[in-house]
Amino acid sequence: MTFPMPLLDRLCSFLGPDAVLSAPSDMLVYECDGFTIEKNRPDIVVFPTSTEQVVGIVKLCIEFNVPFLPRGAGTSLAGGCLPVGGGVMIALSRMKRILEVNIRDRYAVVEPGVVNLWLTNHLKPYGYHYAPDPSSQGACTIGGNVATNSGGPHTLKYGVTVNHVLGVEIVLPDGEVVQTGGPAEDNPGYDLTGVIVGSEGTFGIVTKIWCRITRNPQAYRTLLGIFENVDDASNAISDIIGAGIVPAALEMLDRLILSAVEKRYHFGFPLDAGAVLIMEVDGLEAGLEREAEKITQIAKKNHAREVRRANTEADRALLWKCRKQAFGAVAQLGYPSYCTQDGVVPRSKLPHMMRFIQQVSEKYKIAIANVFHAGDGNLHPITLFDERNPEEVQRVLAAGNEILEECIRQGGSVTGEHGIGVEKIDFMPKLFTQEDLAMMARLRQAFNPEGHCSPEKMLPTAGACAEPSRFQAAKPGRRAAV
Amino acid sequence: MIENFNPQSIHRPANVAELGDLIRRASAEGLALYPFGGGTMQHLGYTPTKPGFGVDMRAFDQVIDYPARDMTITVQAGITIAKLQEVLAKENQRLPIDVPQPEIATLGGAIAVNASGPRRYGYGTLRDYVIGISFMNDEGQEVKAGGRVVKNVAGYDICKLQIGALGTLGIITQVTLKVKPKPEAMGTLWLDNFGPKELTELLDGLHRTQTRPVAVDAVTSRSTRPEPKLAADRFSMCVLFEDSTEAVRWQVSQWKSESKYQWQNLNMSFAARYLAAFTNPLTMGLGFHANMAPSSCSDFLQATVAFSLPPHLVCNAGNGIVYGIWNDELPLPNAANMLTSLRQFTVQNHGNLVITRCPAEWKRELPIWGEPRGDWALMKKVKQAIDPKNLFNPGKFLVG
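Keep in mind it's a predicted model, so treat the numbers as computed, not measured.

S.K.: Looking at this model, I keep getting lost on the overall build of chain B. Mind explaining?
M.R.: Within chain B one finds 11 helices and 18 strands. Expected size for 400 residues packed as a compact globule is a radius of gyration near 21 Å; at 21 Å, chain B falls within 12% of this value. Expressed as lengths along the three principal axes of its C-alpha atoms, the size of chain B is roughly 65 × 55 × 35 Å. Each of the 400 residues in chain B was classed as buried or not, and the buried ones make up 60%. Once local pairs closer than 6 in sequence are excluded, the contacts in chain B between residues at least 24 apart make up 71%. Summed over its atoms, the accessible surface of chain B is roughly 14,700 Å², and 50% of this surface lies on carbon and sulfur atoms. Each charge class in chain B was averaged separately, 40 positive and 37 negative side chains, and the resulting centres sit 2 Å apart.

Structure representation (structure tokens):
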């Protein structure tokens, strides 16, 4: 089935030619997201500026029986924006207005293309922020955060995206517009908002989001614990939680990542440390010093060489910059490509997992750097390689798979925040039984019965590795198969 | 068992296998399933009519796994809230959700009705704590969603769907919760017997305060004492702080200095002061649960106490939630008019109004689940997809 050209004409006349891309060279930009190992080109990329336009696009796609999917900034690390089967990619980047801010009722209403950090910056003068702060927040969009139920370093204390979304407006795959939730809590009925968040674009196109906004804490204490090895750092984390402290953030960087970050940002990280822990507590000033002291004692009890403090706002900002922009610093290590994994284990299994990752690195002769949300057991092993070397890519995929298998074995999950996308579809049957997946498929039927919206995402098709769906068969992508 | 409706028989399955058999049997015989735990909220919703089995889930009461250092716990759904909190307290942890009648209410039931109380302002509700759930589907199979870890986005978040679903999407068997450490210190402040004018000012002040209360409740003063009888439009307010010792001490003194009114320290639990009256089923004749934008609470309360037959009210003011009860008998037309007027107000303020309790005959006359909204059709599709034979609690919920 070739792409129906009349659809292109109809979209151009509906949206105007400035809102439609279709030249093959233009499609290159959209052939993958942050998960660069898999690529497939959309047939058309469109840039709506309103809900009505999204409705029109969806209806046209149905009329021509063409698949479609949403895309925010394309920072997905799991292939969430991969256009399986080609089709129409609905880029939300031009729907970028903050529509309303209501401080008294503590919510903001935004269009899906609003960059996460823009909202927090907009709220600064009021003493509020938007709590879910993924490291990519300078680029990722709130619509994308909703799709993957994004996390970030502050989820241990503050929760993830779904805990901060009060409602959405969604264009369903049949073109109907529905609002779920809104400014008020506890509307009777099912929590559709709660299940739309994290649905990875498979339920429709979200065109508006009601966000809970959070008052800034009165004070912070940001500490940097320097440890000889990952084991000591992991044990410190366990003891901190065991002491009844819920830090605002607990992030670990290992030696390899430290060297990259230090080269890039010159923070003053010691290059011979085995691991460092960023430990942040926040809240009311009264009592915060005692909490910071407790954490320092625990770190020292676990053989921390040193515990430093970020004493000024500028120091704190720089420390967080090092953490949040660590992935970007990876280039300093000299590898042309990297792939970020995303696994979760119960916190108490962290020391084991870090040793396991080290063994995997040696087994497959692949360098792996670690920077992650240690407080909630959410690991991000970063494999470093050259994607032009197909044999190396195979080893990277195998290493990643082994790590995820171990996460499952330790009672964890194969994705803490990046989503299943296409990358981890094969893992779904390892985490869930056939009955569990059948229930999820039923849920998807309620929203997306014809399957036009984001096909081949998140759930394995019936028969797993067997035939691809009608969309996949029509336009297969380049899959790096293991 | 449920007003004038009695299921064919009550069953108390001991395990998943027995429960599965029961479900398959009901399905084969064209019967319904009515799960319950402590039965504290059986009056909620329309009266069912389809014959079926009552399913007592209280044999599912075990703690399955409690890795306290991970701050998670996995329990069977029939455990009582009190027993759950007792287990958590041994590790100095708790589930910070104020579920009414915790000695008899079960976790599965609390989830089914999305139970909450004053602490929702500081800690959120069950959707912020349920990270994994297992439930029986319409084929008698146990299925799960979520997992045992606090960060998990694998698959659809069916945990959220089950919360407040009134048991219409399957029977919950097991739950994994995030928990929190118990706070080091608590401080409760109470202001008694003030008028409507002060109410708005106080609520705005508590929004702007430098302190960080975890509960901000306004109640009708006459609801907090049997005698003397106060006018309907007198209010009392309760503010709760939970934090480190220093932080609680600071907040108590800080709020007292910010507010020009004479707040008293309350040494008894605020639940004892006023909440118990609102959760005793024997005294309630007509009740509602209203939700709205928090800034509109004050106007809502003032309008409500102006009725000639006003209800008792508890308002979780920071969240825009108001519970109202009438202990006296009311004529249906009066009740209907009041509820209509209140519901219109809530809808104008982004919310709704659920009639949580009323005489059984009135349920045919009143919109129990509130004003229908644009997403109810989608909810019905979800119900049809997950429970196409309408086995689970048919007829009770807004999905039919």
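S.K.: Could you clarify how one ought to interpret the overall build of chain A in this entry?
M.R.: Helix and strand counts for chain A come out as 17 helices and 20 strands. Relative to its length of 482 residues, chain A is compact, with a C-alpha radius of gyration of 23 Å against a globular reference of 23 Å. Looking at chain A as a whole, 65% of its 482 residues are labelled buried. Here the contacts in chain A between residues at least 6 apart in sequence split such that 73% fall between residues at least 24 apart. When the accessible surface of chain A is summed, it comes to about 16,700 Å², and 52% of that surface belongs to carbon and sulfur atoms. Positive and negative side-chain charges in chain A, numbering 47 and 55 respectively, have mean positions lying 3 Å apart.

S.K.: How should I be thinking about the interface of chain A and chain B in this particular structure?
M.R.: Interface size is commonly expressed as the accessible surface area that is lost when the partners come together. Listed by partner, the interface residues are 86 residues for chain A and 82 residues for chain B. Interface of chain A and chain B: buried area, both sides summed, is about 6,800 Å²; carbon and sulfur atoms make up 54% of it. Its largest share of buried area at the contact with chain B, chain A owes to A:Arg104, A:Tyr190 and A:Arg442, together 13% of the area lost on that side. Across the pair B:Asp138 and A:Arg442 runs a salt bridge whose closest N-O atoms are separated by 3.0 Å. Along the contact surface separating chain A from chain B lie 36 residue pairs in polar contact (both at pLDDT 80 or more).

S.K.: What exactly am I supposed to notice about the state of the cysteines here?
M.R.: Each disulfide consists of one covalent bond between the sulfur atoms belonging to two cysteines. All chains considered together, the criterion is met by zero disulfides over all chains. Unpaired in terms of disulfides, A:Cys81 finds its nearest cysteine sulfur in A:Cys32, a separation of 9.7 Å.

S.K.: How should I be thinking about the sheet that holds strand β12 (residues 215-220) of chain B in this particular structure?
M.R.: Two orientations exist for strands paired in a sheet by backbone hydrogen bonds: parallel and antiparallel. All names here are of chain B. One open sheet holds the eight strands; their spatial order is β14-β11-β13-β12-β16-β17-β15-β18, and the pairing between them is antiparallel. Single-partner strands in this sheet number two, and they are β14 (264-265) and β18 (352-357). Alignment of strand β15 (residues 286-291) against β18, held across five bridges, turns out to be antiparallel. Across the sheet, residue His289 finds its bridge partner in β18, namely Val354. Those strands touched by helix α9 (residues 297-305) are β12, β13 (235-243), β15, β16 (312-316), β17 (321-326) and β18, and its axis lies near 180° from that of β16. In the packing of helix α10 (residues 332-348) onto the sheet, the strands contacted are β15, β17 and β18, and the crossing angle to β18 comes to about 145°.

S.K.: Can you help me understand the packing of helix α1 (residues 5-15) of chain A against helix α3 (residues 51-63) of chain A in this one?
M.R.: All names here are of chain A. Relative orientation of the contacting elements α1 and α3 amounts to 165°, with a least axis distance of 11 Å. With respect to α3, the element α1 is oriented roughly antiparallel. Seen from above, α1 lies across α3 with right-handed handedness. Taken together, the residues of α3 that come into contact with α1 (itself represented by Leu7, Arg10, Leu11, Phe14 and Leu15) are Glu52, Gln53, Gly56, Ile57, Leu60 and Glu63. Here the contact of α1 with α3 is built from residues that sort into six nonpolar, two polar and three charged.

S.K.: Sorry, what's going on with the pattern of salt bridges here?
M.R.: Any two side chains of opposite charge can pair, on the condition that their charged atoms come close. Scanning the entire structure with this criterion turns up 50 salt bridges over all chains. Two residues, A:Lys301 and A:Asp239, come together in a salt bridge whose shortest N-O distance is 3.2 Å. A residue pair is termed long-range when its members are at least 10 positions apart, and A:Lys301 in helix α10 (residues 288-301) and A:Asp239 in helix α8 (residues 230-242) qualify at 62 residues. Overall, the relative accessible area of 18% leaves A:Asp239 in the buried class. One salt bridge connects A:Glu280 with A:Arg316, and the closest N-O pair in it is separated by 2.8 Å. Pair noted here: A:Glu280 is in strand β14 (residues 275-283) and A:Arg316 is in helix α11 (residues 313-324), with a separation of 36 residues, a long-range link. A single burial state applies to A:Glu280 and to A:Arg316, both of which are buried. Here the salt bridges do not stand alone but share partners, grouping A:Glu185, A:Asp186, A:Arg212 and B:Arg120 into one network.

S.K.: How do you make sense of the packing of helix α13 (residues 350-364) of chain A against helix α14 (residues 390-409) of chain A when you look at a structure like this?
M.R.: A packed helix pair is summarised by two numbers, namely the angle formed by the two axes and the spacing between the axes. Residues and elements named next belong to chain A. Following both chains from N to C, one finds α13 and α14 inclined at 155°, their axes separated by 10 Å at the closest point. Accordingly, the angle class assigned to the pair α13 and α14 is roughly antiparallel. Pair α13 / α14 crosses with right-handed handedness. When α13 is examined against α14, the residues His352, Met353, Phe356, Ile357, Val360, Lys363 and Tyr364 are found in contact with a partner set consisting of Arg395, Ala398, Ala399, Glu402, Ile403, Glu406 and Cys407. A class-by-class count of the residues in the contact of α13 with α14 yields nine nonpolar, one polar and four charged.

S.K.: Where do I start with the sheet that holds strand β9 (residues 171-178) of chain B in this structure?
M.R.: Taken in spatial order, the five strands of this open sheet run β4-β5-β9-β7-β8 (chain B), and their pairing is antiparallel. Among the strands making up the open sheet, the edge pair consists of β4 (63-65) and β8 (142-146) of chain B. When the angles between neighbouring strand axes are averaged without regard to direction, this sheet yields 20°. The pairing of strand β5 (residues 72-76) of chain B with β9(B) spans five bridges and is classified as antiparallel. Note that in β9(B) the partner of B:Gln76 across the bridge is B:Gln174. Of the strands in this sheet, β7 (130-136) and β8 of chain B are in contact with helix α16 (residues 434-447) of chain A, which crosses β8(B) at around 70°. Those strands touched by helix α1 (residues 16-29) of chain B are β7, β8 and β9 of chain B, and its axis lies near 55° from that of β7(B).

Conventions we followed
- Residues numbered from 1 in each chain as written.
- Chains lettered and ligands numbered in written order.
- Predicted model: local features only at pLDDT ≥ 70, side-chain atom pairs only at ≥ 80, totals over all residues.
- Heavy atoms only, no water.
- Helix = DSSP H or I, 4+ residues; strand = E, 2+ residues; numbered from the N terminus.
- Rg over C-alpha atoms; globule rule 2.2 N^0.38 Å.
- Buried < 20%, exposed > 50% of the residue type's maximum accessible area, 1.4 Å probe, protein only.
- Contact = heavy atoms within 4.5 Å.
- Areas by Shrake-Rupley, 256 points an atom, 1.4 Å probe, with all protein chains shown as cover.
- Lys, Arg positive; Asp, Glu negative; His and termini not counted.
- Charge placed at Lys NZ, Arg CZ, Asp CG, Glu CD.
- Buried area = accessible area lost by both parts, 1.4 Å probe.
- Salt bridge = Lys/Arg side-chain N within 4 Å of Asp/Glu carboxyl O.
- Polar contact = N/O pair within 3.5 Å; in protein donor to acceptor, adjacent residues only side chain to side chain.
- Disulfide = S-S within 2.5 Å.
- Pairing = 2+ DSSP bridges.
- Axes fitted to C-alpha atoms, helices over the stretch in contact; angles between N-to-C directions.
- Parallel < 35°, antiparallel > 145°, perpendicular 65-115°, else oblique.
- Left-handed = near helix turned anticlockwise from the far one by under 90°.
- Nonpolar A, V, L, I, M, F, W, Y, C, P; charged D, E, K, R; others polar.

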